[in-house]
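Read off the chains here:
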There are 2 protein chains.
Amino acid sequence: MSEAAKSERGEQSRLAIAAAAQELFLERGYDKTTMRAVAERAGVSLGNAYYYFSSKEHLVQAFYDGIQASHAEVAVRRLDGRVALGDRLGAALIAWIDVAEPFHEFAAQFFKVAADPGSPLSPFSPESAPARDAAVGIHRLVVEGSDAKVTKDVRAALPELLWMLQMGIVLFWVHDQSEGQARTRELVQRLVPVVDKVVKVSRLPGVKGVITDLIDLLDAMRP
Amino acid sequence: MSEAAKSERGEQSRLAIAAAAQELFLERGYDKTTMRAVAERAGVSLGNAYYYFSSKEHLVQAFYDGIQASHAEVAVRRLDGRVALGDRLGAALIAWIDVAEPFHEFAAQFFKVAADPGSPLSPFSPESAPARDAAVGIHRLVVEGSDAKVTKDVRAALPELLWMLQMGIVLFWVHDQSEGQARTRELVQRLVPVVDKVVKVSRLPGVKGVITDLIDLLDAMRP
DNA sequence: CGCGACACTTGAACGTGTTCAACTTCGATG
DNA sequence: CATCGAAGTTGAACACGTTCAAGTGTCGCG
């Protein structure tokens, strides 16, 4: 009757395995979490874990999605009442850092997994398309809810550009060993006004051409 | 007598292992090259390979350095006679793609290793500082040999900014499955004029402030 | 020559992610 | 009810990166 319930038993196993994996990742980090330990905590056999998740990497996807969902929720809440683009962007980026903070330590460990072009966790992989679209969507919210005066094409391209900016910030964040990722927070605080200025300046006669070139480039290079 | 010759036999083993590894990486890629196969081709035991290279990752470092050196050489040669900044930047970037092309297939495989923040191969690691400095140095050459009219602070910051741009291009390149990395080449061809325009525009009244902000930010966030 | 120190070398052993052929459940169908 | 097939489950087995205690060669010094 319900659309996605293949079987009662099956879904329970899948959930138990995913839950066990997330617990262990938090407790020990990615590298020290073995598939055998995941299977044992989930109360299933080793082979069974592979029946539901075709690799250890796939077990991380749930985490990925979880952070994504939390970020969306927190960001939307914090966006409320803000109208300046810089304000909104800063709120969204800081929201991500807040949401991701508990996972910073072991995030570094599976960052390498995400960086593998062949991995399903790569932000550019087909499997990650939904998560990527959702992330871009947050920035679309940031842009569309703002009072920034920009041309239509800039407004259309900005969400994706901001998502790329966020990828860069994540890269910085992964390498940031400061307490509470203070340095990344400082980076965001200082970077946001610059973005704001760039957007403001984007309509200037000499600048407009550069911006449209860049947007055309982005469109042309999209796969 | 000579400074670095600990022993004849030892150095021969080290070289044999490094050579065998590079051959096998080229033949089969990183993942399919086993330490056992490396040891066998080098004519040493498995344990011996670990006596000289403490991990499989360390065997890649030689490749890294080799590409770096070749790039520097080729880039310097192609830079000769070019004066326009865009020209020079394009030449340097295309030189890198040319040099790296033979390794594209398996470069993707150890890109994940380089992306690991804890790995010595990470472009941000202390161990990579020499390679990083050399890479920035190429872009310093690009900038300083050009006739671009820019303020002193921009000229000083530009090499590092261009290096970051190159890191982005490498990221694109790694994911680029087109023949001969044609798409990355197109990206470079189209991106370079945009960079040129940005630099030209950087002295405009409304833009200058944004640029100095960005440079200050870069300085403040450097570790 | 004898001997100790040290660079070098070895392969067995460990723990890991992953695969697979065999087994068990269980609901639907005749 | 009996049977069949698909979904679910199992643990042994494999190949790999890595470690390590034990061995071998070699050089210098007494």
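Procedures and definitions
- Residues numbered from 1 in each chain as written.
- Chains lettered and ligands numbered in written order.
- Predicted model: local features only at pLDDT ≥ 70, side-chain atom pairs only at ≥ 80, totals over all residues.
- Heavy atoms only, no water.
- Helix = DSSP H or I, 4+ residues; strand = E, 2+ residues; numbered from the N terminus.
- Buried < 20%, exposed > 50% of the residue type's maximum accessible area, 1.4 Å probe, protein only.
- Lys, Arg positive; Asp, Glu negative; His and termini not counted.
- Charge placed at Lys NZ, Arg CZ, Asp CG, Glu CD.
- UniProt positions renumbered as here; feature names shortened; annotations may be inferred.
- Least-squares fit on C-alpha atoms with pLDDT ≥ 70 in both.
- Contact = heavy atoms within 4.5 Å.
- Core = buried A, V, L, I, M, F, W, Y, C linked by side-chain atoms within 4.5 Å.
- Buried area = accessible area lost by both parts, 1.4 Å probe.
- Salt bridge = Lys/Arg side-chain N within 4 Å of Asp/Glu carboxyl O.
- Polar contact = N/O pair within 3.5 Å; in protein donor to acceptor, adjacent residues only side chain to side chain.
- Nonpolar A, V, L, I, M, F, W, Y, C, P; charged D, E, K, R; others polar.

Chain A goes by TetR family transcriptional regulator in an unreviewed UniProt entry, where it is assigned to Knoellia sinensis KCTC 19936.

**Details of the overall build of chain A**
On a plain count of helices and strands, chain A comes out with 10 helices and zero strands. For chain A, the succession of helices and strands along the chain, N to C, is α-α-α-α-α-α-α-α-α-α. Structurally, chain A occupies a C-alpha span of about 65 × 45 × 35 Å along its principal axes. Within chain A, the fraction of its 223 residues that count as buried is 49%. Distance from the positive charge centre (26 side chains) to the negative charge centre (29 side chains) of chain A: 3 Å.

**Section: the UniProt feature "DNA-binding region" (unreviewed entry) in chain A**
As recorded in UniProt, the feature "DNA-binding region" (unreviewed entry) lies at residues 34-53 of chain A. Between the end C-alpha atoms of residues 34-53 of chain A there is a gap of 14 Å, over a span that is 75% helix and 0% strand.

**A look at the relation of the copies chain A and chain B**
When chain A is fitted onto chain B, the two copies agree to an RMSD of 0.5 Å after a turn of 180 degrees and an axial shift of 0.1 Å. Each copy turns onto its partner about a two-fold axis. Taken together, the interface assignments show that 100% of the residues at the interface of chain A recur at the interface of chain B, consistent with an identical surface on both copies.

**Details of the nonpolar core**
One finds Ile17, Phe25 and Leu59 of chain A together with Ile17, Phe25 and Leu59 of chain B to be the most contacted residues of the largest nonpolar core, which totals 140 residues. With sequence-adjacent residues up to four places away left out, Ile17 of chain B is seen in contact with Val38, Ala42, Val44, Asn48, Ala49, Tyr52, Phe53 and Leu59 of chain B.

**Remarks on the interface of chain A and chain B**
Counting residues at the interface gives 34 residues for chain A and 34 residues for chain B. The junction of chain A with chain B conceals about 2,800 Å² of combined surface from both sides, 74% of it contributed by carbon and sulfur atoms. Notably, a salt bridge pairs Asp213 of chain A with Lys197 of chain B, separated by 2.7 Å at the nearest N-O pair. Applying the counting rule to chain A against chain B returns five residue pairs in polar contact (both at pLDDT 80 or more). Counting only elements with at least two residues in the side of chain A that touches chain B, the list comes to helix H6 (104-115), helix H8 (152-175), helix H9 (182-201) and helix H10 (205-221) of chain A. The element that contributes the greatest number of residues to the side of chain A that touches chain B is H10 of chain A, accounting for 10 residues. Here the side of chain A that touches chain B is built from residues that sort into 21 nonpolar, four polar and nine charged.

**Observations concerning the UniProt feature "domain: HTH tetR-type" (unreviewed entry) in chain A**
What UniProt calls "domain: HTH tetR-type" (unreviewed entry) maps, in this numbering, to residues 11-71 of chain A. End C-alpha to end C-alpha, residues 11-71 of chain A measures 26 Å, and it is 80% helix and 0% strand.

**What to know about the side chain of Ser146 of chain A**
Summarising the element assignment, Ser146 of chain A is placed in the loop between helix H7 (129-144) and H8. Leaving out residues up to four positions away in the same chain, Ser146 of chain A has contacts with Val83, Ala84, Leu85, Arg88 and Arg155 of chain A.

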